[in-house]
Amino acid sequence: MYLDLDRSLTPEQAALRKEVHRFSEEVLRPAASELDKLHDPEDVVKPDSVFWDVMRTYYDLGYHISSLPEAVGGAGLGVLEQNLVGEEIGWGSSDFSVAFGVASFPFTFAAGSTNEQLLKEVARPFLEDRKAEYIGCWAITEPQHGSDTLTVGMEHFRDPNMFFGVTARADGDEWVISGQKAAWVSNGTIATHALTFLGIEESRGAGMAGGGVALIPLDITGVSRGRALDKLGQRALNQGEIFFDEARIPRDYMVAGPEAYPFVLEGVLTAANAFMGVTFSGVARAAFEEALSYSKERIQGGKPIAEHQLVQKKLADMFAKVQAARTLSRETQLYNSAGAGAVQLSIASKVFCTTTAHEVASDAVQIHGGLGLSKGILVEKLLRDARASMIEDGSNDVLSLVAGRKLIDAV
Ligand SMILES: Cc1cc2nc3c(=O)[nH]c(=O)nc-3n(C[C@H](O)[C@H](O)[C@H](O)COP(=O)(O)OP(=O)(O)OC[C@H]3O[C@@H](n4cnc5c(N)ncnc54)[C@H](O)[C@@H]3O)c2cc1C
């Protein structure tokens, strides 16, 4: 082994890492590879798809509640353990890693609430679910507002001429929701619940800062979906539009209003970007390991290409980048868990790890030569998956602007 990944871990942590690695290798990777080849993204989530076998296994193992605190009914995994699990799942499939991550998102919000109705109707069924019957999504992007929704702290976030396309208006004990979320919503066509970031009608004029966060069950009247999105990478990840046409939710299902909205958004960016950093440090590691292994097998110039100095140099550079990504993503999670999270650090981790995954996957393709461009070869898929990650959850350019603003404004 090129490095002992368990050396600094306790026996329990090492056992956990190995257990999740096996799940990734035996379940996630083959399934993601099979789904990646499907021509029609609708087929990824058809009832007899292996996608559902994977989701059911994940829930059956209780992994879906692993990071939730024991106090709310989760498994209460420690932060380092969460990091180990996240990296291994990313190593196996970034498509499934993101699907799993957003699947728990609305329920994590509900579980953290003190509202009895939310706990009983939303959080509890998810916590008890072992069949993947409760699946969440994060609906923030809109056809007319992508980056605009994420640029918290920047001047135009408060531009009165800008506002969400999906809005909520108060009506007695209910909120009435209308508008459309973009086809980019992960788990969009299969989710049962959406944590929806939307505009509060009373705050129209406050720009994107006049937002709120609503927990919306997606089986209610007035909700419909688009077709599954066809895209370059992470093809096993289902995505699609959600339409709201005067859909009504109880008043308490609005879990944050305009006063809290910028803080909640920053908190979500902090958590989501840290998660992306971990997932894509796993992708970078996967690409490096594929390249290392292939370089020892492929004979050119009368010897394995690993014996050629230029290939050795490339492998050493890839290894350094992978280790830097693993270290930064782990350190980010540890830092954030020790107090209030730092969005600038999480963004640094996301941007660095996704960029690294893309660079390392590209080098891994290069080391594979023509074979690396062939369909069915893992590094070809990893390159496409990593490319998508540089736009996913915010384009790296725009996220860096948010981080830069934060660094400058910090006192
Ligand atoms: C794989 C994947 C998964 C995703 N999952 C989800 C999800 O679960 N939920 C969800 O709601 N969304 C999701 N998204 C959407 C994602 O968050 C958006 O694609 C992203 O925020 C960018 O928005 P956009 O695509 O509309 O690009 P745009 O915002 O239109 O940006 C286009 C280009 O302009 C640049 N740009 C934009 N604004 C500025 C500015 N102010 N200054 C300088 N440059 C700027 C950007 O960097 C980019 O290069 C996902 C996307 C991907 C690719």
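Analysis parameters
- Counting from 1, residues in each chain are numbered in the order their sequence is written.
- This being a predicted model, a pLDDT of at least 70 is required before a residue's local features are given, and a value of 80 or more before pairs of side-chain atoms are given or counted; all residues contribute to the totals for chains, interfaces and linings.
- With hydrogens and water excluded, all non-hydrogen atoms of the structure serve as input to the side-chain values.
- Cavity: a set of points on a 1 Å grid over the protein atoms alone where a 1.4 Å probe fits but cannot get out. Pocket: an open set with protein on both sides within 12 Å along at least five of seven lines, its lining residues, like those of a cavity, having an atom within 4 Å of a point.
- Grid points are joined across faces, edges and corners, and a volume is the space filled by probe spheres set on the points.
- Each helix is a run of H or I in the DSSP string that is no shorter than four residues. Each strand is a run of E no shorter than two, and both are numbered from the N terminus.
- Gly is put with the polar residues, along with every residue not named as nonpolar or charged; the nonpolar set is Ala, Val, Leu, Ile, Met, Phe, Trp, Tyr, Cys and Pro, and the charged set is Asp, Glu, Lys and Arg.
- For the domain bounds, the source is a domain assignment made automatically or taken from a database.
- Here's how the labels work: a residue is buried when its accessible area is under 20% of the maximum for its type, exposed when over 50%, partly exposed in between, all with a 1.4 Å probe on protein chains only.
- What makes two strands pair is DSSP finding at least two bridges between them.
- Convention adopted: a line fitted to C-alpha atoms gives each axis, helices being fitted over their contacting stretch, and angles between N-to-C directions are expressed from 0 to 180 degrees.
- By the definition adopted for this analysis, an angle is roughly parallel if under 35 degrees, roughly antiparallel if over 145, roughly perpendicular if from 65 to 115, and oblique otherwise.
- Each helix crossing is assigned a hand: it is left-handed if the near helix lies turned anticlockwise from the far helix by less than a right angle, otherwise right-handed if that turn is clockwise.
- The contact definition used throughout considers only heavy atoms, calling two residues in contact when any of these lie within 4.5 Å.
- Throughout, nonpolar core names a set of buried Ala, Val, Leu, Ile, Met, Phe, Trp, Tyr and Cys residues whose side chains join them through atoms within 4.5 Å.
- The term salt bridge refers to a side-chain nitrogen of Lys or Arg lying within 4 Å of a carboxyl oxygen of Asp or Glu.
- Any residue with a heavy atom positioned within 4 Å of a molecule or strand is treated as near that molecule or strand.
- Pairing of N or O atoms within 3.5 Å defines a polar contact, subject to two protein rules: one partner must be a possible hydrogen donor and the other a possible acceptor, and residues neighboring in sequence count only if both atoms are side-chain atoms.
- Each accessible area value is a Shrake-Rupley result obtained with a 1.4 Å probe; residue values ignore everything except the protein chains displayed when judging cover.
- Two parts placed together each lose some accessible area; with a 1.4 Å probe, that loss summed over both constitutes the buried area.
- Geometry of aromatic contacts follows a simple scheme: Phe, Tyr and Trp rings, the Trp one being its six-membered ring, pair when their centres are within 6.5 Å, and the pair is stacked under 30 degrees between planes, edge-to-face over 60, tilted otherwise.
- Two conditions define a charge located above a ring, namely a distance within 6 Å from the ring centre to NZ of Lys or CZ of Arg, and an angle within 35 degrees of the ring normal.

With respect to the layout of surface pockets
Here the second largest pocket is characterised by a volume of approximately 260 Å³. Forming the boundary of the second largest pocket are 15 residues, of which Val152, Gly153, Glu266, Lys406 and Asp409 lie nearest the centre. Looking at the lining of the second largest pocket, the element that brings in the most residues is helix H12 (residues 396-409), giving four residues. For the lining of the second largest pocket, the residue count by class is eight nonpolar, one polar and six charged. Counting only domains with at least three residues in the lining of the second largest pocket, you end up with domain 2 (136-260) and domain 3 (263-409).

What to know about the pairing of strand S4 (residues 193-200)
Taken across its eight residues, S4 has eight buried, putting it largely inside the fold. Sheet analysis places strand S1 (residues 136-139) next to S4, joined by four bridges and oriented parallel. The residue of S4 that forms the bridge with alanine 139 is threonine 196. As paired strands, strand S2 (residues 167-171) and S4 are joined by two bridges and run parallel to one another.

A closer look at the packing of helix H10 (residues 343-368) against helix H11 (residues 378-389)
Where H10 contacts H11, the axes come no closer than 8 Å and their chain directions differ by 155°. Comparing their axes, H11 and H10 come out roughly antiparallel. You can see that H10 and H11 cross each other, and the crossing is left-handed. In contact with Lys350, Thr354, Ala357, His358, Ala361, Ser362, Ala364, Val365 and His368 of H10, H11 contributes Val379, Glu380, Leu382, Leu383, Ala386, Arg387 and Ser389. Residue composition of the contact of H10 with H11, grouped by class: eight nonpolar, five polar and three charged.

Regarding the nonpolar core
Judged by nonpolar contacts, the single largest core of 87 residues is most densely connected at Phe96 and Ile177. Contact partners of phenylalanine 96, with chain neighbours within four places excluded, come to Leu28, Ala31, Ala32, Leu35, Phe51, Val54 and Ala236. Counting residues in each nonpolar core, the second largest holds 29 residues, with Val283, Ala284, Leu292 and Ile367 among its members.

Considerations on empty space enclosed by the protein
Gaps between atoms show up when a probe of the same size as a water molecule is rolled over them. Tallied over the full model, the rule gives one cavity of 30 Å³ or more. Taken as a whole, the largest cavity encloses approximately 50 Å³ of empty space. Together, Pro41, Val44, Leu229, Asp230, Lys231, Arg235, Leu237 and Asn238 line the largest cavity. A class-by-class count of the residues in the lining of the largest cavity yields four nonpolar, one polar and three charged.

Overview of the packing of helix H1 (residues 11-36) against H11
At their nearest, the axes of H1 and H11 sit 11 Å apart, and the two run at 75° to each other. Regarding the angle of H1 to H11, the classification is roughly perpendicular. On the side of H1, the interface is formed by Arg29, Ala32, Ser33 and Asp36, while H11 contributes Leu378, Lys381 and Arg384. When the residues that make up the contact of H1 with H11 are grouped by side-chain class, the tally is two nonpolar, one polar and four charged.

Comments concerning the pattern of salt bridges
The full count for this structure, using the stated rule, is 26 salt bridges. For arginine 384, the salt bridge identified is with aspartate 36, shortest N-O distance 2.8 Å. Taken as a pair, arginine 384 in helix H11 and aspartate 36 in helix H1 lie far apart in primary sequence, 348 residues in all. Residue arginine 384 shares its accessibility class with aspartate 36, and that shared class is buried. Via salt bridges that share partners, Asp6, Arg17, Lys18, Glu87, Glu88, Arg285, Glu289 and Arg326 belong to a single interconnected network.

A closer look at the site of the ligand
Neighbouring residues of the ligand: 22 residues in total, closest Trp138, Thr141, Ser147, Ser186 and Ser395. Between the ligand and tryptophan 184, the relevant distance is 3.1 Å, taken from a nitrogen atom to a main-chain nitrogen or oxygen of the residue. Contacts to the ligand include glycine 394, whose backbone N or O atom sits 3.4 Å from an oxygen atom. Bound to the protein, the ligand loses 70% of the 990 Å² it would expose on its own.

What about the domain arrangement of the protein?
You can read the domains of the protein as domain 1 (11-128), domain 2 (136-260) and domain 3 (263-409). Between domain 1 and domain 2, the C-alpha centre-to-centre distance is 23 Å. Facing the 29 residues of domain 1 at the interface are 26 residues of domain 2. Buried area between domain 1 and domain 2, both sides added, is near 2,300 Å², and the carbon and sulfur share of it is 65%. A per-residue breakdown of the area domain 1 buries against domain 2 is headed by Pro41, Asp95 and Pro106, which together make up 20% of the total. Taken together, domain 1 and domain 2 are joined by one salt bridge. For arginine 227, the salt bridge identified is with aspartate 40, shortest N-O distance 2.9 Å. Put simply, domain 1 and domain 2 have 10 residue pairs in polar contact (both at pLDDT 80 or more) between them.

Describing the packing of aromatic side chains
Tallied over the entire structure, the rule returns 19 aromatic pairs. Their ring planes at 70° and their centres at 5.8 Å tell us that tyrosine 58 and tyrosine 63 sit as a pair that is edge-to-face. Between the aromatic rings of tyrosine 58 and phenylalanine 100, the centroid separation amounts to 3.5 Å while the plane-to-plane angle is 5°, which identifies the pairing as stacked. Residue tyrosine 58 is located in helix H3 (residues 50-60), and its partner phenylalanine 100 is located in helix H5 (residues 94-103); the two are separated by 42 residues in the primary sequence. Since its relative accessible area comes to 9%, tyrosine 58 is described here as buried. The class for phenylalanine 100 is buried, based on a relative accessible area of 4%. Through a chain of ring-to-ring contacts, the aromatic side chains of Phe23, Phe51, Trp52, Tyr58, Tyr59, Tyr63, Phe96, Phe100, Phe107 and Phe126 assemble into a single cluster. Here arginine 29 stacks its cationic end above the ring of tryptophan 91, 3.7 Å away from the centre of that ring.

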